[in-house]
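A structural walkthrough
Okay, here's what each chain looks like letter by letter:
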Amino acid sequence: MEKLSKKIIARETFYFLFWLSLTLVFLEIMAPNIVLAYFNLNYLFLALVVSGIYSLIKK
Amino acid sequence: MMMEFFRKKTLLFKLRAAQIALILLVVLVFLFLKIVPLGSMAYSKDYSSRLRSGKGFIYSFTPAERVDEKSGRLPRLIGDPVYFSVFTPRTFSKVKMTVTYKSQLTSSTPIVEAGVLADNIVWRYDLQPLDNKILDDLRLPGRPLAENGVTLWQAENNYQRFSDFFADLKTNNLEACPGSTASCLAVYNYNPDFNFQFPGLKDSLPTLLDVPLRGAHTLFFYINNEPLRLDLKFVDLNQDKAADPLAIILSKDGKIVKQVSLADENANPVGGQEENKSLLLEEKNLSPGLYKVEIKISDDTVIKSLQSSLDRFVFSGRIWPVSSGRALNIYTDSSYLQVKAFVPASVQNISFDGETFVLSEPYKQFNFKADGGSPVKEIKLTKDDVILEAGGVFSFSKNMLFNPLLPKVDRFFSLDNGVNYILADYQAPRIKDNTTIASAEFNLIGVYREKGKYNFMISVPGLKNDDGLDDYLEISEIKMEFSGRTLWQKLLGRGQ
């Protein structure tokens with residue numbers, strides 16, 4: 001069965017968090033407060049930075 | 001076919017497709033939360049929970065000096081009133097507010113109310129009761145009647161049906177009520193169909209009131225087949241940069257008869273540059289009865305003079321004389337006054353029903369109670385720019401003072417005043433384990449909303465943060481259940 005390497009999983013996680021962050025920021029700009037009322041985006045940005053650093057390390 | 005398509009693709013492709021689907025799902029969820037297609041949504045804030053992932057929808061209480069957040073885990077309201085705003089992603093038509101709290105109030109603060117900011121020009125809140133201890137503890141010998149949320153308490157079993165009571169009320173002929181209806185009926189959060197009869201009706205004369213009054217005022221006129229002409233001169237102080245529109249609304253029995261208004265065309269006033277304005281309200285064919293005139297202006301506008309074709313009027317609830325430069329005599333039927341000096345120069349001794357009271361500090365509300373039993377009490381001010389508030393009416397003429405309103409069950413209410421009936425639109429709150437759960441409903445159509453937020457208040461009349469008493473209201477949860485048009489109704493143009 002095809003398996004993905006840890007390097008690829010780390011990279012894909014970073015890509016996913018990046019596009020998710022961008023999408024939520026765009027949603028927040030179009031409809032202010034709609035995301036921030038439910039969810040603190042800082043946690044997502046932190047996860048994005050950590051996954052980015054991890055991805056670089058794995059590379 | 002789709003499954004076959006995916007089966008041939010690599011694992012990486014499938015992973016990316018799943019990521020895109022997840023992001024699209026997140027977008028759809030937030031769109032659902034923004035549009036609220038089903039028309040109803042509830043937002044709540046549990047003050048005992050430390051876990052908070054987002055900003056939330058219910059914002060903090062203000063002003064800070066009226067809220068104690070240090071003594072306990074939960075916020076304590078120690079002053080009156082306290083404001084908070086609620087963000088909503090769209091507009092709604094009504095809301096049910098449920099407040100869960102522990103009460104550490106005294107007998108001098110028996111009433112807890114909540115309100116929504118309905119009009120930001122005159123800063124008017126639409127208040128609804130949360131708790132009225134006077135009514136909760138009321139025990140009259142007669143059997144109470146209850147129908148459609150309205151309760152009638154009676155001193156004797158004079159009425160078995162509401163319809164009989166309302167029929168007698170309309171003709172001012174209540175059982176066991178020898179005097180005027182106002183002497184034996186008190187109300188709370190309810191305005192029954194009541195015909196006020198002006199005692200000793202004589203011809204009315206034109207009058208000029210040249211005492212400047214600041215901010216919004218409400219007047220009651222009693223008209224006896226006479227035309228009404230009100231000529232008001234205003235001064236827009238332009239001390240703030242906000243627009244200061246003017247409006248005069250004439251209404252009877254809750255229905256608007258005539259309205260005149262003047263928009264503020266000076267969108268960028270120079271600070272402090274005063275502008276003179278005027279408005280005329282004239283109406284000839286008026287049926288006899290009681291009329292309400294609301295002068296809707298902001299606190300940045302002064303009524304310089306009021307020329308009226310009739311002198312048969314009183315001010316209701318509040319009066320704010322300014323800049324007259326002379327001592328003033330004002331008359332009221334209320335036995336208590338709430339007084340605030342607006343500026344330091346207005347600090348003074350006030351004579352109220354022959355007793356002297358000291359208004360010793362500016363910006364602070366003082367409560368004065370007259371112990372004499374005279375029906376008309378004189379207030380003597382040596383300096384103006386003092387805000388006077390009372391549950392009754394005010395007049396600059398002793399002979400013209402009349403109160404067309406029924407007495408209210410407020411914190412100064414006493415059953416000793418000979419009241420035989422109390423009529424209220426009120427539901428007592430639930431009490432569970434020393435915790436009170438109280439609800440109030442508000443109509444949100446047309447209320448003020450700024451930057452997606454509705455503004456609310458919680459009021460405990462008489463609660464002060466500087467009186468040395470350890471009295472407070474400890475809030476554990478606020479829940480707001482909003483309801484409005486569904487997406488389908490909005491698309492079809494139905495509902496509101």
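Since this is a predicted model, take the numbers as computed values, not measurements.

Attention now moves to the overall build of chain B. When you go through chain B residue by residue, the secondary structure sums to five helices and 33 strands. On the principal axes, the C-alpha backbone points of chain B span a range of 100 × 60 × 50 Å. Sorting the 496 residues of chain B into buried and exposed places 31% on the buried side. In chain B, 76% of the contacts between residues at least 6 apart in sequence involve partners at least 24 apart.

Counting from both sides, the interface comprises 19 residues of chain B and, opposite them, 18 residues of chain A. It is helix 2 (residues 11-35) of chain B that provides the largest number of residues to the side of chain B that touches chain A, a total of ten residues. Residues that form the side of chain B that touches chain A fall into these classes: eleven nonpolar, six polar and two charged.

Below, the discussion takes up the domain arrangement of chain B. Assigned domains of chain B: these are domain 1 (2-35), domain 2 (41-128 + 428-489) and domain 3 (321-397). Taken over C-alpha atoms, the centre of domain 1 of chain B sits 41 Å from the centre of domain 2 of chain B.

Model confidence for chain B is summarised by a mean pLDDT of 91, while 96% of its residues fall at 70 or above. Confidence metrics for the complex model read pTM 0.87 and ipTM 0.90.

All names here are of chain B. The strand order across the open sheet formed by four strands is 8-9-28-10, and the pairing between neighbours is mixed. One side of each edge strand has no neighbouring strand; the edge strands of this open sheet are strand 8 (145-147) and strand 10 (185-188). Shown here is a sheet whose adjacent strand axes are inclined to one another by a mean of 15°, direction ignored. Two strands pair when backbone bridges link them, and strand 10 and strand 28 (residues 421-425) are joined in this way by four bridges, in the parallel orientation. When the sheet's bridge partners are listed, L185 is paired in strand 28 with Y421.

Residues and elements named next belong to chain B. Burial analysis of strand 9 (residues 150-154) places four of its five residues in the buried class, which makes it a mostly covered element. The pairing of strand 8 with strand 9 spans three bridges and is classified as antiparallel. Note that in strand 9 the partner of L145 across the bridge is L152. Sheet analysis places strand 9 next to strand 28, joined by five bridges and oriented antiparallel. By the bridge assignment for strand 28, V150 is matched with D425.

Analysis parameters
All residue numbers here refer to positions counted from 1 along the written sequence of the relevant chain. Labels follow written order: the first chain is A, the first ligand is 1, and so on. A pLDDT threshold of at least 70 governs which residues receive local features in this predicted model, and a stricter bar of 80 or more applies before side-chain atom pairs are shown or counted, although totals over entire chains, interfaces and linings include all residues. Secondary structure elements are taken from DSSP: a helix is a run of H or I of four residues or more, a strand is a run of E of two residues or more, and numbering for both begins at the N terminus. Partly exposed residues are those whose C-beta has more than 12 but fewer than 20 other C-beta atoms within 10 Å; 20 or more makes a residue buried and 12 or fewer makes it exposed, with C-beta atoms placed from the backbone. Once C-beta atoms have been placed from the backbone, residue pairs whose C-beta atoms lie within 7 Å are recorded as contacts. All amino acids are sorted into three groups, where Ala, Val, Leu, Ile, Met, Phe, Trp, Tyr, Cys and Pro are nonpolar, Asp, Glu, Lys and Arg are charged, and the leftover types, Gly among them, are polar. Domain start and stop points were drawn from an automatic or database domain assignment. How sure the predictor is of each residue is captured by pLDDT, a score from 0 to 100. Each pair of strands is called paired provided DSSP finds at least two bridges between the two strands. Only the contacting stretch of a helix is used when fitting its axis, a line to C-alpha atoms as for every element, and angles between N-to-C directions run 0 to 180 degrees.

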